[in-house]
Amino acid sequence: QVQLVESGGGLVQAGGSLRLSCAASGSIFNVNGMGWYRQAPGKQRELVATITRDGKTNYSDSVKGRFTISRDNAKNTVYLQMNSLKPEDTAAYHCNARGYSGLGLTPFDHWGQGTQVTVSS
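For clarity, every value in this text was computed on a predicted model and none was experimentally measured. (Residues numbered from 1 in each chain as written. Predicted model: local features only at pLDDT ≥ 70, side-chain atom pairs only at ≥ 80, totals over all residues. Heavy atoms only, no water.)

Asks: Sorry, what's going on with the state of the cysteines here?
Replies: Joining two cysteines, a disulfide is a covalent bond between their sulfur atoms. Here the structure, examined in full by the defined rule, presents 1 disulfide. Disulfide partner of Cys22: Cys95, at an S-S distance of 1.9 Å. Placement of the pair is Cys22 in strand β3 (residues 18-26) and Cys95 in strand β9 (residues 91-101), with a sequence separation of 73 residues. Using a relative accessible area of 0% as the deciding quantity, one classes Cys22 as buried. (Disulfide = S-S within 2.5 Å. Helix = DSSP H or I, 4+ residues; strand = E, 2+ residues; numbered from the N terminus. Buried < 20%, exposed > 50% of the residue type's maximum accessible area, 1.4 Å probe, protein only.)

So, in structure tokens, the structure goes:
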């Protein structure tokens, strides 16, 4: 079993910053792609940023230049540094991790439970 635990959400004023963390644990052989997605009330879940095991990143246009995704492979942890936050960034942020568990023969694609980010104007 693989679990993802997120932390770092909260309430912040517009223009402020937050840092989200998501740690994968359990019977992990390796973790390949990791990423952050968000879902606002009444809207579909959307991609925020992804990062490969070797550090290649991809961002949605709405967060480019404001958010930075990074990861620590030794800790199976992905981070999202969010700067210059806007009210429209308000959402539940979910991390995703894909890789192989056990002896490396069982793929997994797991989601975290979500952490709420609320940006006040």
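Asks: I keep staring at the pairing of β3 and nothing clicks. Help me out?
Replies: Note on strand geometry: in a regular strand, side chains alternate between the two faces of the sheet. One ladder, built from 6 bridges, connects strand β1 (residues 2-7) with β3; its direction is antiparallel. Within β3, the residue paired with Leu4 across the bridge is Ala24. Note that β3 and strand β8 (residues 77-82) share 6 bridges and pair antiparallel. Within β8, the residue paired with Leu20 across the bridge is Leu80. (Pairing = 2+ DSSP bridges.)

Asks: How should I be thinking about the nonpolar core in this particular structure?
Replies: A general tendency of soluble globular proteins is for nonpolar side chains to be buried together. Counting 30 residues, the largest nonpolar core has Trp36, Leu80, Met82 and Tyr93 as its most contacted members. When contributions to this core are tallied by element, the ones reaching two or more residues are β1, β3, β4 (28-39), β5 (46-51), β7 (67-72), β8, β9 and β11 (115-120). Apart from the residues lying within four places of it in its own chain, the contact partners of Tyr93 are Glu6, Leu20, Trp36, Tyr37, Arg38, Val48, Phe67, Leu80, Met82, Gly114, Thr115 and Val117. (Core = buried A, V, L, I, M, F, W, Y, C linked by side-chain atoms within 4.5 Å. Contact = heavy atoms within 4.5 Å.)

Asks: Help me out: how do you make sense of the pattern of salt bridges in this one?
Replies: A side chain of one charge can pair with a side chain of the opposite charge if their charged atoms are brought near each other. For the coordinates displayed, the defined rule picks out 4 salt bridges. Residues Asp89 and Arg38 are paired through a salt bridge, measuring 3.0 Å at the closest nitrogen-oxygen approach. In this pair, Asp89 sits in the loop between β8 and β9 while Arg38 sits in strand β4, placing the two residues 51 residues apart along the sequence. Looking at Asp89, the relative accessible area reads 0%, which means it is buried. On the basis of relative accessible area, Arg38 is assigned to the buried category, the value being 6%. For Lys64, the salt bridge identified is with Asp61, shortest N-O distance 3.3 Å. Taken individually, Lys64 and Asp61 each receive the classification exposed, so the pair is uniform in this respect. In this structure, a network of salt bridges that share partners links the residues Arg38, Glu46, Arg66 and Asp89. (Salt bridge = Lys/Arg side-chain N within 4 Å of Asp/Glu carboxyl O.)

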